[in-house]
Amino acid sequence: MSSDILCLGEPMLEFNQQPDGNYLPGHGGDTSNAAIAAARQGASVGYITHIGADTFGNSFMDLWAEEGVDTSLVRQVRSAHTGIYFVTHSEAGHEFSYFRAGSASSEMGPDDLPTQSLESAKILHVSGISQAISEAASDTVFEAIRVVRQAGGKVSYDTNLRLKLWPLERARAIIHAAMRQCDIALPGMEDATLLTGLEDPEAIVDFYLELGAGIVALTLGSKGTLVATPSMTELVPVKRVDAVDATAAGDTFDGAFLSRIVAGDDPVKAAFYANGAAALTTLGYGAVAPMPRKEAVEEFLAQSL
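Definitions and cut-offs
Residues numbered from 1 in each chain as written. Predicted model: local features only at pLDDT ≥ 70, side-chain atom pairs only at ≥ 80, totals over all residues. Heavy atoms only, no water. Patch = residues over 30% accessible without salt bridge, like charges linked within 9 Å, V, L, I, M, F, W, Y side chains within 5 Å. Areas by Shrake-Rupley, 256 points an atom, 1.4 Å probe, with all protein chains shown as cover. Salt bridge = Lys/Arg side-chain N within 4 Å of Asp/Glu carboxyl O. Lys, Arg positive; Asp, Glu negative; His and termini not counted. Charge placed at Lys NZ, Arg CZ, Asp CG, Glu CD. Helix = DSSP H or I, 4+ residues; strand = E, 2+ residues; numbered from the N terminus. Buried < 20%, exposed > 50% of the residue type's maximum accessible area, 1.4 Å probe, protein only. Polar contact = N/O pair within 3.5 Å; in protein donor to acceptor, adjacent residues only side chain to side chain. Expected span 1.5 Å × (residues − 1). Contact = heavy atoms within 4.5 Å. 1 Å grid on protein atoms, 1.4 Å probe; cavity = no way out; pocket = protein on both sides within 12 Å on 5 of 7 lines; lining within 4 Å. Points joined across faces, edges and corners; volume = space filled by probe spheres on them. Nonpolar A, V, L, I, M, F, W, Y, C, P; charged D, E, K, R; others polar. Core = buried A, V, L, I, M, F, W, Y, C linked by side-chain atoms within 4.5 Å. Phe/Tyr/Trp six-rings, centres within 6.5 Å; stacked < 30°, edge-to-face > 60°. Lys NZ or Arg CZ within 6 Å of the ring centre and 35° of its normal.

Thoughts on a negative patch on the surface
On the surface, Asp 200, Glu 202, Asp 206 and Glu 210 cluster together into a negatively charged patch. By the element assignment, Glu 202 lies in helix α8 (residues 201-211). On the accessibility criterion, Glu 202 (47% relative accessible area) is partly exposed.

Pasting the structure below:
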């Protein structure tokens with residue numbers, strides 16, 4: 001099966017803290033979240049990863065099948081486990097605690113890539129986390145980028161900086177190197193400030209354009225998204241909502257944005273749509289459960305006009 005969008009990275013089982021102190025089990029992992037978000041908008045999406053041949057891995061296979069994400073490129077292995085993480089909440093926001101060392105995804109190497117499928121993809125979506133989990137994973141992402149671009153496809157990259165996974169200097173070097181080979185840059189403001197040393201949003205989008213991206217969508221939280229190409233820059237607003245959990249809001253933005261780019265929208269129109277999808281996903285707890293489907297996003301955006 002050939003998918004328009006292929007996502008590569010590490011899925012993780014999620015345990016999200018609820019107001020009563022209990023933890024709600026769910027599914028997470030940034031590129032897996034983005035794949036599901038794109039599929040819920042009607043895009044043709046596949047996922048590339050290794051997961052454990054364990055209960056958690058089986059639950060992901062079931063989830064992706066239910067969500068319409070192609071799993072033919074997912075390999076379950078008995079030699080390593082599926083990663084997990086916990087989300088806790090406080091007045092300062094949400095915090096992640098990871099248990100992913102030695103996970104199946106972190107042991108995936110360049111030779112494990114499905115080259116033929118990558119060559120037929122319209123967009124490959126990867127992230128800083130995809131590269132941070134191990135040196136092998138970092139090399140795998142670079143090779144996937146090379147294959148896709150050589151075949152004429154596009155590469156989407158979300159910085160998704162996690163300093164618990166690697167030091168800032170290494171993250172900066174690897175992420176900038178990857179961004180020089182990407183077509184669609186999807187940084188968040190907080191990440192971008194640390195990675196570039198810049199604080200002005202327009203300077204940041206110019207930085208990523210100069211690295212080589214044709215489209216930059218810098219997410220600014222409640223302020224919206226600053227979208228730029230070599231010929232334009234525009235701030236795309238987002239409707240305010242009473243958010244309860246921002247987990248996977250950025251991933252939802254990514255998946256929704258890419259789904260609209262594949263559908264033929266220009267970057268500004270795609271960002272307007274993706275802002276709406278991301279806002280809606282903050283209304284519930286967890287990464288996947290609150291992600292809206294296309295009909296809900298369209299209704300929400302129609303009400304906000």
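Looking at the environment of Lys 164
Residue position: Lys 164 is located in the loop between β9 (154-158) and α6 (168-179). Using a relative accessible area of 55% as the deciding quantity, one classes Lys 164 as exposed. Between the C-alpha atoms of Lys 164 and Ala 132, which are 32 residues apart in sequence, the distance is 9.5 Å. Within the structure, the side chain of Lys 164 is placed 2.5 Å from the backbone oxygen of Phe 96, a separation counted as a polar contact.

Topic: α6
Under the 1.5 Å per step criterion, the end-to-end length of α6 is 16 Å for 12 residues, consistent within 8% with the ideal 16 Å. Of the residues making up α6, those classed as buried are Ala 171, Ile 174, Ile 175, His 176, Ala 178 and Met 179. In this fold, the buried residues of α6 make contact with α4 (128-132), α5 (135-150), β9, β10 (184-185), α7 (189-196) and α8.

Here we look at empty space enclosed by the protein
Counting across every chain of the model gives two cavities of 30 Å³ or more. Quantified by volume, the largest cavity comes out at close to 70 Å³. Lining the largest cavity, in full, are Leu 8, Gly 9, Thr 49, Ser 105, Met 108, Ser 130, Ile 133, Ala 137, Thr 140 and Val 141. Ranked by residues supplied to the lining of the largest cavity, first place goes to α5 with three residues. Class assignment for the residues of the lining of the largest cavity results in five nonpolar, five polar and no charged.

With respect to the nonpolar core
Val 45, Trp 64, Ile 184, Phe 253 and Phe 257 are the most contacted members of the largest nonpolar core, which totals 50 residues. Top contributing element to this core by residue count: helix α10 (residues 267-281), with nine residues. Grouped together as the second largest cluster of nonpolar side chains are 41 residues, Ile 48, Leu 73, Ala 144 and Leu 226 included.

Re the packing of aromatic side chains
With the rule as written, the count across this model stands at 10 aromatic pairs. Ring centres of Tyr 85 and Tyr 98 lie 6.1 Å apart, and the angle between their planes is 40°; on these two criteria the pair is classed as tilted. Residue Tyr 85 is found in strand β6 (residues 83-90), and its partner Tyr 98 is found in strand β7 (residues 93-99); the two are separated by 13 residues along the sequence. Members of the aromatic cluster, each reached through a chain of ring pairs, are Phe 15, Tyr 23, Phe 86 and Phe 99. Just above the ring of Tyr 98 sits the side chain of Arg 100; from NZ or CZ to the centre is 4.6 Å. Sitting over the ring of Tyr 273, Arg 260 keeps its end group 5.6 Å from the ring centre.

Notes on the pattern of salt bridges
For the structure on display, the rule yields 10 salt bridges. Between Asp 4 and Lys 122 there is a salt bridge whose closest N-O contact spans 3.9 Å. Taken as a pair, Asp 4 in the segment before β1 (5-8) and Lys 122 in the loop between α3 (115-120) and β8 (123-127) lie far apart in primary sequence, 118 residues in all. Judged by relative accessible area, which is 24%, Asp 4 ranks as partly exposed. Note that Glu 143 and Arg 146 form a salt bridge whose closest N and O atoms lie 2.7 Å from each other. Highlighted residues: Glu 143 and Arg 146, both in helix α5, separated by three residues, approximately one helical turn. Each member of the salt-bridge network shares a partner with another, and the members are Arg 40, Glu 67 and Arg 293.

Quick word on the side chain of Thr 82
Looking at where Thr 82 falls in the secondary structure, it is placed in the loop between β5 (74-77) and β6. Engagement of the side chain of Thr 82 in a polar contact is seen with the backbone nitrogen of Gly 52, the distance being 3.0 Å. In this structure the side chain of Thr 82 is engaged in a polar contact, spanning 3.0 Å, whose partner is the side chain of Asp 54. Beyond its immediate chain neighbours, meaning those up to four positions away, Thr 82 contacts Pro 11, Ile 51, Gly 52, Asp 54, Phe 56, Gly 57 and Phe 60.

None of this, on its own, says anything about what the molecule does.
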